[in-house]
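# Inside the fold
Chain residues, written in single-letter form:
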Amino acid sequence: MVDLSVLDLVPVRAGQTAGEALRESADLARHAERLGYRRYWVAEHHNMEGIASAATSVVIGHIAAHTATIRVGSGGIMLPNHAPLVIAEQFGTLDALFPGRIDLGLGRAPGTDRATLVALRRDMAAADRFPDDVLELQALLGPAAPGQLVRAVPGAGSKVPLWILGSSLYGAELAALLGLPYAFASHFAPQALEQALAIYRERFQPSQQLDRSWAMAGVNVILAETDAEARRLFTSIQMRFVGMFRGERGLLQPPIDDIETYWTPAEKMQASRMLACSFVGAPATVTPALKAFVERTGVDELIVASAIFDPEARARSYEMLKGLAL
């Protein structure tokens, strides 16, 4: 049976504050923990009104403090935005507070637009140093060497597990080379999924952290009692993607009855391509499609995004998913 985890971008709904969204995420994390989900990840995004997880390490601490056993981590930290030492200290602190429960997923994308990159003081060439930064971070989280001048305190010796995230072949190659688990962002960029997984498995080199490959795929899952209701709930996500094309990165909107009246044919084509790894419907509809996806890709774990507007419907969707025979 494939492992199931939760990816939460901490969506801020229309009519809601960021604080309310963060409290809802803590509620959902407790719910996921009770249901037996393996991990609960949040992601770094900046300058997006409808996403409250920009201070990712802080949000991880918030979620971990409101749960007891579920692993909590980043899906991911955009490492080129930060000095490896700072991330080692932040995640070393999280591990000290919540030992054995913290994951550190790393990406090299900016998680924002070009203007915000300038505000972040990010070096435009920082992504080119991503492999070196990963190795530096890994060393900072490992045992301190005799005479080492710079140490992560806390952090040194914590061995917080690293993941490589990606939506292209680059991340697959790096994860394989370093012997790290790999998570593919197929919930919004599915085009290279199967090719990336094949490269990762073929080139994987065992490491101290991992003796065999471990691949995770991101998917969107919207479950409801009927196909029609699930499709209606899904329109909030579809509108969010259309908003990106229109340059309108606003709050998560309530679902609408007819998405065809909202988007243009070109927007529909583009959004549908990005959301191809979405499984929407009643349990009887979603189960065979999701099983076929797992069998086709051979992934070890699914990390599931479900940005449903109604928090009760969102919690119910995750509950129904955990009940599927996958």
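All of the points below concern the structure found in this document. Only a predicted model underlies this, so the values are computations on that prediction, with no experimental measurement involved. (Residues numbered from 1 in each chain as written. Predicted model: local features only at pLDDT ≥ 70, side-chain atom pairs only at ≥ 80, totals over all residues. Heavy atoms only, no water.)

## Quick word on the overall build of the protein chain
Formally: Here a strand is any run of E in DSSP of at least two residues, a helix any run of H or I of at least four, and the numbering for each starts at the N terminus. Radius of gyration here is computed from C-alpha atoms only, and the compact-globule reference equals 2.2 Å multiplied by the residue count raised to the power 0.38. Contacts are assigned to residue pairs that have any heavy atoms within 4.5 Å of one another. For the accessible areas, the method is Shrake-Rupley and the probe is 1.4 Å, while residue cover comes only from the protein chains on display. Counted as positive: Lys and Arg. Counted as negative: Asp and Glu, with His and the chain ends omitted from the count. Charge coordinates come from a single atom per side chain, which is NZ of Lys, CZ of Arg, CG of Asp or CD of Glu.
Along the protein chain, the regular secondary structure elements total eleven helices and nine strands. In terms of overall size, the protein chain behaves like a compact globule, its C-alpha atoms giving a radius of gyration of 19 Å where 326 residues would be expected to give roughly 20 Å. Principal axes of the C-alpha set define a box for the protein chain whose edges measure 65 × 40 × 40 Å. The contacts in the protein chain between residues at least 6 apart in sequence include a share of 72% that link residues at least 24 apart. Only carbon and sulfur atoms are counted for the fraction: they give 55% of the accessible area of the protein chain, which is about 14000 Å². Taking the average location of the 30 positive side-chain charges in the protein chain and that of its 35 negative ones, the two points are 2 Å from each other.

## A short note on unusual backbone geometry
Generally, phi is negative for residues other than glycine and the peptide bonds are trans, each holding for most cases. Cis rather than trans, the peptide bond between Gly-75 and Gly-76 has omega equal to 10°. Val-153 connects to Pro-154 through a cis peptide bond whose omega is -10°. Take Pro-154: it is sitting in the loop between α5 (130–141) and β5 (162–166). Here Val-10, not a glycine, exhibits a phi torsion of approximately 50°, which is positive. As for its position among the elements, Val-10 is in the loop between β1 (3–8) and α1 (18–35). At Lys-159, a position not held by glycine, the phi torsion is positive, near 55°. By the secondary structure assignment, Lys-159 is in the loop between α5 and β5.

## Notes on empty space enclosed by the protein
The criterion, for reference: Using protein atoms alone on a 1 Å grid, points that fit a 1.4 Å probe yet trap it form a cavity, whereas open point sets bounded by protein on both sides within 12 Å along at least five of seven lines form a pocket; residues with an atom within 4 Å of a point count as lining. Grid points are joined across faces, edges and corners, and a volume is the space filled by probe spheres set on the points. The classification used treats Ala, Val, Leu, Ile, Met, Phe, Trp, Tyr, Cys and Pro as nonpolar, Asp, Glu, Lys and Arg as charged, and all other residues, Gly among them, as polar.
All told, the structure shown has one cavity of 30 Å³ or more when counted by the stated rule. Taken as a whole, the largest cavity holds about 30 Å³ of empty space. Looking at the largest cavity, the residues that line it are Met-1, Val-2, Leu-4, Lys-322, Leu-324 and Leu-326. Partitioned by chemical class, the residues of the lining of the largest cavity number five nonpolar, no polar and one charged.

## Describing the side chain of Ser-236
The following threshold applies: The cut-offs for exposure are 20% and 50% of the maximum accessible area for each residue type, with area from a 1.4 Å probe on protein chains only; residues under the lower value are buried, those over the upper are exposed, and the others partly exposed.
With respect to the helices and strands, Ser-236 occurs in helix α8 (residues 227–245). Taking relative accessible area as the criterion, Ser-236 reaches 1% and is therefore assigned buried. Not counting residues within four places of it along the chain, the set of residues in contact with Ser-236 comprises Leu-252, Gln-253, Pro-254, Pro-255, Ala-307 and Phe-309.

## Some details on the nonpolar core
Let me state the cut-off plainly: What makes a nonpolar core is a set of buried Ala, Val, Leu, Ile, Met, Phe, Trp, Tyr and Cys residues whose side-chain atoms join them at distances within 4.5 Å.
With 84 residues, the main nonpolar core has Leu-104, Leu-302 and Leu-321 as its most contacted residues. At six residues, the largest contribution of residues to this core is made by strand β7 (residues 215–223). Once you skip the residues sitting within four places of it in the chain, Leu-302 turns out to touch Val-2, Asp-3, Leu-4, Ser-5, Met-216, Ala-217, Val-219, Leu-290, Phe-293 and Val-294.

## So, the environment of Glu-44
What counts, and what does not: For this analysis, a polar contact is any N or O atom pair within 3.5 Å, provided that within protein one partner can donate a hydrogen and the other can accept it, and provided that sequence-adjacent residues contribute only side-chain to side-chain pairs.
With respect to the helices and strands, the residue Glu-44 is situated in the loop between β2 (39–42) and α2 (56–65). You can call Glu-44 buried: its relative accessible area is 3%. In sequence terms Glu-44 and Pro-154 are 110 residues apart; their C-alpha atoms lie 22 Å from each other. Only 2.9 Å separates the side chain of Glu-44 from the side chain of Asn-81, close enough to count as a polar contact.

## A look at α8
Keep this limit in mind: Multiplying one less than the number of residues by 1.5 Å gives the expected span of a helix. Bending is quantified residue by residue as the angle between axes fitted to the seven-residue window ending at that residue and the seven-residue window starting at it.
Under the 1.5 Å per step criterion, the end-to-end length of α8 is 27 Å for 19 residues, consistent within 8% with the ideal 27 Å. Of all the bends in α8, the largest measures some 30° and sits at Thr-235. Taken together, the buried residues of α8 touch β7, α9 (265–274), β8 (278–281) and α11 (311–322). Immediately downstream of α8, the backbone of Gly-247 shows phi near 75°, a positive value.

## Focus on the layout of surface pockets
Approximately 310 Å³ is the volume attributed to the second largest pocket. Along the walls of the second largest pocket sit 13 residues, with Gln-138, Gly-142, Lys-159, Gln-208 and Gln-209 positioned nearest its centre. Here the lining of the second largest pocket takes three residues from α5, the largest share from any one element. Residue classes in the lining of the second largest pocket are distributed as seven nonpolar, five polar and one charged.

## Some details on the pattern of salt bridges
Formally: For salt bridges, the criterion is a side-chain nitrogen of Lys or Arg within 4 Å of an Asp or Glu carboxyl oxygen.
On inspection of all chains with the given rule, the structure shows 15 salt bridges. The partner of Glu-267 in a salt bridge is Arg-246, and the shortest N-O contact between them spans 2.8 Å. Here Glu-267 is found in helix α9, whereas its partner Arg-246 is found in the loop between α8 and α9, with 21 residues between them in sequence. Salt bridges here are not isolated pairs; linked through shared partners, they connect Arg-39, Arg-71, Asp-103 and Glu-301.

## Regarding the packing of α2 against helix α3 (residues 84–97)
When two helices pack together, their arrangement is captured by the angle between the axes and the distance separating the axes. Where we set the bar: The angle between two axes is taken between their N-to-C directions and runs from 0 to 180 degrees, where each axis is a line fitted to C-alpha atoms and a helix contributes only its stretch in contact. Convention used here: angles under 35 degrees read as roughly parallel, angles over 145 as roughly antiparallel, angles from 65 to 115 as roughly perpendicular, and any remaining angle as oblique.
Across the interface, α2 lies against α3 with an axial gap of 10 Å and an inter-helix angle of 5°. Viewed along their axes, α2 and α3 adopt a mutual orientation that is roughly parallel. Between α2 and α3, the contacting residues are Ser-57, Ile-60 and Gly-61 on the first element and Gln-90, Phe-91 and Leu-94 on the second. Here the residues of the contact of α2 with α3 are counted per class, giving three nonpolar, three polar and no charged.

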